[in-house]
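# Secondary and tertiary structure notes
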Amino acid sequence: MADFLNTGISGLRASQRGLATTSHNISNVNTDGFSRQRVEQDTTHPHYYSRGAIGTGTQVQTIQRLSEDTRVEGLRRHNSEFERLDKLQEMTSRVDNLVADKDAGLSPAMREFFDAVEEVANDPANTVTRQLLLTRGQALVDRFETMDNRLLELQNDVDKRIGQKAEQVNGLAHSIAELNNEIRQRFHNEQRPPNDLLDQRDEKIRQLSELVAVRVTQERDGSVNVGVGGGQPLVVGDRTYNLDVVKNPYDPERPELAMQIGDREVVVTDRLRGGSMGGLLEFREGVLDETRDDIGRVATSLGVALNEQHKRGVHYEEGEPQRGDNFFDVADVKVSAHAANVDAEKPEVQIDPERIGELQGGAYSLRYDAGNDQWQVRREQDNQTINLLPNQNASAAGNDVMVPDEDGYFRFDGMKVKLPDGAEDGERFLIEPTKEGARGLDTRLSRPTQIAAASPAATGEAVTATGQSENTGRGEIGPAEVGDAEGVMEALREGGPLHKGVILEHQQEPNGESYFQVYVGGEEIPGARLRYDPDDHDRGQEYNLSNVEGLEDLDVTVRISGLPDPGDSFAINGNYEGVGDNTNALAMAELMDESIMDNGNSSFQEAYSSMVGDLGGFSQRVQTNRDAQQTLLRQAEEHWEELSGVNLDEEAANMMEYQQAYQAAAQVITTADEVFQEILNAVRR
């Protein structure tokens, strides 16, 4: 009779556990990260008799948490990747919209500026057109500055978010460590797992995966270790290693992320991947920095190229021809010393106008090796290195080795670098040639009369005292192209070649060979014969006067074309009354379409458009990958829900099943009681 009663009681207890577990599942249907639970029952030991065995009821083995590590890990992985792409796409699209804006972008401002240069070329003596050029120049400067300020605002926003997310990571890490401690204390009996604590920990890790990619390893005591940044420990049992925000060693205003590993502080910014934090870091390093560099490169290249051409011209603000000044102020190259340097003198770094087409964006790290008495410069964009040997002669130069020129400069990638003396071993510097290019551009000229639209040298047919040309042939001389303006300006002074006048007289040998004899101030320069034998007479032949003995400082190039007759003469004189001359203005206007950037392969507009196109393409790829990852994340969630999610219909069915089992078990107990009472009554009688 006792066995009969105990059997019913065991069923009643098992049904109670089932009802309680089902109620627990239903109550947590909307709890994030909750995994449904199931009662696992088993038969108790039967009583064995000679004719067989009689069961004694049931017992609850455990409350099983329906969860699989592969499904949980897949959900974390896809969740982390989606958050990375979602944040990267959000931020990239903001930059893409900024640079590609047809009204607020740089293309309209550059076009309007060079249109104003052409207006000056069309009417160089007009003060209104000159003032318009200054106005458009300032508008272009403002556009560069506005765009860079917008990018800096984005950078400040990203830096602030990185700090906030680091705090969230640390908070979640501490929560996981606390849960590890609680789980470890309750994990001594595998038949009684702390299911709800395990769910809470998995949910915290899932939330952590939204911030950064994680690697989770299970320990025997039930705790887990969580690593980030390619294996850097974040949680080990009940201990945590905080993700700290530290200052960049080159730029204190730029936050970096570091972890304390042993007695060392390890910067892990470059190692953190995945999650919204990884997306922000990838955006900052790969999109924002590069965009600022590229826009700064356009601003610097345009400013330097226009300045060089403007200085080849002259203006007449004070009546006499005066050399043009810089049209723009161009930003200095940013050179930052490493925080570990001790009172180190910075290297002198300038933009090299002669090699402006080689200028690249990005940063260069410079480090001194005292053992080998050399500096190593590494271009961070592609990790290409060059060894700079300050105390070696030209014979030591090679593919990856460079020695200074006669002025003490190392010239590479559109820069010229002069290294400091007395450097200590290991001293480091960061060179960013175009980082401040956009915001550092400014207009230098303030008055329309300062615009050097004219050339310092005027060309034409030589004339007699009466102002008449005696040329009889069909030869022509083009406008003078000025190279080194300093020497040309010296030639304008009294007694200089341009002040005296340079004459090229066409002559012909008896054998038919043609040449131009050079005269200065009417005096023949012995041996100064410029052979004239062009492949195409319509195109003609160029001559640089600095190649003539005695005129080495006169860097003026002229082109003579056609079929001049013997005795025809052409003159190159100082342009002393050229207020209406547009030669240099035309040369400045031609810079708009000239392939100056990217080693002579791109104009300013083409380089900027290429950047906009690359950024737009990248943004589109990120958007496509994000959408695909969202689908994968949804599938991973559904895969997890299939096993771990609470289905209310299923739980309702389970509730009815356990209720019926409970009622049946209660009926067994009632029957056992009635039978027991019948026996007692029979004994009393």
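These lines cover the structure that appears in this document, whether it is placed above or below. (Residues numbered from 1 in each chain as written. Predicted model: local features only at pLDDT ≥ 70, side-chain atom pairs only at ≥ 80, totals over all residues. Heavy atoms only, no water.)

A separate point is the pairing of strand β32 (residues 556-563). In summary, the side chains of a regular strand alternate between the two faces of the sheet. Most of β32 sits out of view: six of its eight residues are buried. Judged from the two bridges that link them, strand β27 (residues 481-482) and β32 form a sheet pairing that is antiparallel. The residue bridging V482 from the neighbouring strand is V556, located in β32. In terms of strand pairing, strand β31 (residues 541-544) meets β32 through four bridges, oriented antiparallel. Its bridge partner lying in β32, E542 is registered against R559. (Buried < 20%, exposed > 50% of the residue type's maximum accessible area, 1.4 Å probe, protein only. Helix = DSSP H or I, 4+ residues; strand = E, 2+ residues; numbered from the N terminus. Pairing = 2+ DSSP bridges.)

The next subject is a nonpolar patch on the surface. Taken together, F4, V675, I679 and V683 make up a surface patch of nonpolar side chains, about 330 Å² in accessible area. Per-element tally for the nonpolar patch: the top contributor is helix α13 (residues 648-684), with three residues. Structurally, the position occupied by I679 is in helix α13. In this structure I679 comes out as partly exposed when scored by relative accessible area, which is 43%. (Patch = residues over 30% accessible without salt bridge, like charges linked within 9 Å, V, L, I, M, F, W, Y side chains within 5 Å. Areas by Shrake-Rupley, 256 points an atom, 1.4 Å probe, with all protein chains shown as cover. Salt bridge = Lys/Arg side-chain N within 4 Å of Asp/Glu carboxyl O.)

What follows deals with the packing of aromatic side chains. Scanning the entire structure with this criterion turns up eleven aromatic pairs. Taking the centre distance of 4.9 Å and the plane angle of 40° together, the rings of Y368 and W375 count as tilted. Side by side, Y368 and W375 carry an identical accessibility label, which is buried. Between W375 and F429, the aromatic rings sit 6.1 Å apart at their centres with planes inclined by 35°, giving tilted as the arrangement. A residue pair is termed long-range when its members are at least 10 positions apart, and W375 in strand β18 (residues 374-379) and F429 in strand β23 (residues 428-432) qualify at 54 residues. In this structure W375 comes out as buried when scored by relative accessible area, which is 1%. Ring pairing ties together the aromatic residues F113, F114, F327, F328 and F604, which thus form one cluster. Over the ring of Y409 we find K416; its NZ or CZ atom is 5.1 Å from the centre of that ring. (Phe/Tyr/Trp six-rings, centres within 6.5 Å; stacked < 30°, edge-to-face > 60°. Lys NZ or Arg CZ within 6 Å of the ring centre and 35° of its normal.)

Any functional reading would require information that these geometric values do not contain.
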